[in-house]
Amino acid sequence: MSMGLPEDSQQGQQFLSRDQYRQSTSQRSQKDAKAGIYITDISMAMINIKSTDRKGFEVITPFRNFCFTAESERKRQEWMEAVQQSVVETLADYEVAEKIWFNESNRSCADCNAPNPDWASINLGVVICKNCAGQHRILGSKISKVHSLKLDSPIWSNELVELFITVGNAKVNSYWEANLLSGSNIKIHEASNINHRRLYITHKYKEGRYKKTFSPKLSQGQLNEALCKSVVTTDILETMILVFSGADTMCTTGDTINSTPYLLAKEAGQRLQMEFLHHNRFSDYKLSDLPNSGTLRNLFYCGFLHKVSSTSKIPNNRKLQEDMKKWWCTIEDNFLCYHENEDTSEPDGVIDLSDVVCLVVHPSDPSLNSGAFFTFEIYLLSERMFLFGTENTESQKEWTKAIVKVILIFI
Ligand SMILES: [Zn+2]
């Protein structure tokens, strides 16, 4: 939180009412921004404030003091109270973030690993960065309720903070990312673009593509029953897993007095369970083990691939380098899509992998693998051929492995 000041205010007293000041700053901000004149911000995190006379007060920072004069004594009092409130809020909010970061795994974003994330999904129990928070909002509040660690202080009860410290990103991710292919490039990172981020977060939480599944599959009744048993214990992670897997937080317990899981937890004195259930009373997670979801869950893949523009015949070694163009490619379900770049949502081309009749990998062919490209070919039922290239053998292996997994479903 900060106060914006025109440059010349640093030199002495200001004679502005709050409204006048806002208006003046706004006008100045626009005018001065055009003229390139600097506007000062005072961070509320590091200031002290004291009255100087009947209408005046002073804001003291480690670097400079700023003197203000209000229109009246009452206005001065209002100003001082507003500034003091801002200071309190700013400090309190930092306290929440730092408490939650006490759990080591909360110091990096649960989705992209960006450091010092200061947002959270309070029903999912994960700490996330600002960029991922934007994508969580798109999922809707039935899946993710997004709050800032620094701005929405009233939501951060002691129980909620304790819940985040007790569980933490690593444990929650052990559920949501249980089936993520290790070493694959599915997982987003700090610099991932908005499309990749949106896709990953949608797949992870809304579709539950990478989440842990129960074997054998549990019915809705079994999940609800397990939830009622779990909420009276200290095992909050077990409760989270059951709810994320589709257990109904508002199910009937069979107990005439404690008729909901929340009331059961309350009766047992389980504060963290109550807090989690409270934030998930309207949540709507997909039931685990949807038909075929176990088979298709791992097939998503994305990254850059080089592709030869003309596929009539395999070009010679030198021409191969010239003809290869870099595309952003994705494998979703049984389609391999190639895009001009990472930010375009509409693909330039789509290959139906259910039509593949042959996949040829060139791991060590010196005539093809010289230079930057490690190639493989895809032959379709329609007699079309696609030649792709990667920049290293690991990437070639991952891509061909992902394609083979899709093809195998149709054999
Ligand atoms: Zn993130």
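Residues numbered from 1 in each chain as written. Predicted model: local features only at pLDDT ≥ 70, side-chain atom pairs only at ≥ 80, totals over all residues.

Caption draft 1: Looking closely at the overall build of the protein chain. Counting its regular elements, the protein chain contains 14 helices and 16 strands. Taken over 411 residues, the protein chain has a buried fraction of 33%. (Helix = DSSP H or I, 4+ residues; strand = E, 2+ residues; numbered from the N terminus. Buried ≥ 20, exposed ≤ 12 C-beta atoms within 10 Å, placed from the backbone.)

Caption draft 2: Structural view of the environment of Glu267. Relative to the elements of secondary structure, Glu267 occurs in helix 9 (residues 261-267). By C-beta crowding, Glu267 is classed as partly exposed, having 13 other C-beta atoms within 10 Å. Taking the C-alpha atoms as reference points, Glu267 and Val232, separated by 35 residues in sequence, lie 8.0 Å from one another.

Caption draft 3: Spotlight on the nonpolar core. Of all hydrophobic cores here, the largest spans 77 residues; its most connected members are Ala120, Ile128 and Met240. Among the elements that make up this core, the one with the highest residue count is helix 8 (residues 236-244) (six residues). Residue contributions to this core reach at least three from each of two domains, namely domain 2 (104-206) and domain 3 (299-409). The contact partners of Ile128, leaving out residues within four places of it in the chain, are Cys109, Ala110, Asp111, Pro117, Trp119, Ala120, Ser121, Ala133 and His136. (Core = buried A, V, L, I, M, F, W, Y, C linked by C-beta atoms within 7 Å. Domains from an automatic or database assignment. Contact = placed C-beta atoms within 7 Å.)

Caption draft 4: Quick look at unusual backbone geometry. In the Ramachandran plot, Asn113 falls in the positive-phi region, its phi being about 65° despite a non-glycine side chain. Within the secondary structure, Asn113 is located in the loop between helix 2 (73-100) and strand 7 (119-121). C-beta crowding within 10 Å serves as the criterion here: with 15 such atoms nearby, Asn113 is assigned to the partly exposed category. Of note in this structure, Asn116 is not a glycine but carries a positive phi near 50°. Of note, Asn116 is situated in the loop between helix 2 and strand 7. On the basis of neighbour counts, which here come to 13 C-beta atoms within 10 Å, the residue Asn116 falls in the partly exposed class.

Caption draft 5: Main features of the environment of Gly134. Checked against the element boundaries, Gly134 lands in helix 3 (residues 130-139). Each C-alpha atom, one on Gly134 and one on Arg197, is 9.8 Å from the other, the two residues being 63 residues apart in sequence.

Caption draft 6: Structural detail: the packing of helix 8 against helix 10 (residues 271-279). Orientation of helix 8 relative to helix 10, taken along the N-to-C sense of each, is 20°, at an axis distance of 10 Å. Comparing the axis directions of helix 8 and helix 10 gives the class roughly parallel. Along this stretch, helix 8 crosses helix 10, giving a crossing that reads as right-handed. Seen from helix 8, the contacting residues are Ile236, Thr239 and Met240; seen from helix 10, they are Leu272, Gln273 and Phe276. When the residues that make up the contact of helix 8 with helix 10 are grouped by side-chain class, the tally is four nonpolar, two polar and no charged. (Axes fitted to C-alpha atoms, helices over the stretch in contact; angles between N-to-C directions. Parallel < 35°, antiparallel > 145°, perpendicular 65-115°, else oblique. Left-handed = near helix turned anticlockwise from the far one by under 90°. Nonpolar A, V, L, I, M, F, W, Y, C, P; charged D, E, K, R; others polar.)

Caption draft 7: Local environment of the sheet that holds strand 8 (residues 126-128). Taken in spatial order, the three strands line up as 8-7-9 in an open sheet, and their pairing is antiparallel. The sheet is open, and its two borders are formed by strand 8 and strand 9 (146-148), each paired with just one other strand. The sheet shows a mean angle of 30° between the axes of neighbouring strands, taken without regard to direction. One ladder, built from three bridges, connects strand 7 with strand 8; its direction is antiparallel. Looking at strand 8, one finds that Trp119 is bridged to Ile128. (Pairing = 2+ DSSP bridges.)

Caption draft 8: Quick peek at the sheet that holds strand 10 (residues 301-308). Pairing is antiparallel across the open sheet formed by seven strands, whose spatial order is 13-12-11-10-16-15-14. Whereas interior strands pair on both sides, the edge strands pair on one side only; in this sheet they are strand 13 (349-352) and strand 14 (356-361). Each strand axis lies, on average, 30° off the axis of its neighbour in the sheet, ignoring direction.

Caption draft 9: Molecular detail of the pairing of strand 11 (residues 324-332). Relative to strand 11, strand 10 is paired through eight bridges, and the arrangement is antiparallel. Note on strand 11: the bridge partner recorded for Leu305 is Trp327. Sheet topology note: the strand 11/strand 12 (residues 335-339) ladder contains five bridges and is antiparallel. Considered in strand 12, the bridge of Glu332 is made with Phe335.

Caption draft 10: A look at helix 10. All of the buried residues in helix 10 are Gln273, Met274, Glu275, Phe276, Leu277 and His279. Where helix 10 is buried, its residues touch helix 4 (158-166), helix 8 and helix 9.

Caption draft 11: Quick look at the pairing of strand 6 (residues 65-69). The side-chain alternation of strand 6 yields one buried face, formed by Phe66 and Phe68, and one unburied face, formed by Asn65, Cys67 and Thr69. Where strand 5 (residues 56-60) meets strand 6, five bridges bridge the pair, whose relative direction is antiparallel. Of the residues in strand 6, the one forming a bridge with Phe57 is Phe68. Remark: four residues form the turn of the hairpin made by strand 5 and strand 6, two consecutive strands paired antiparallel.

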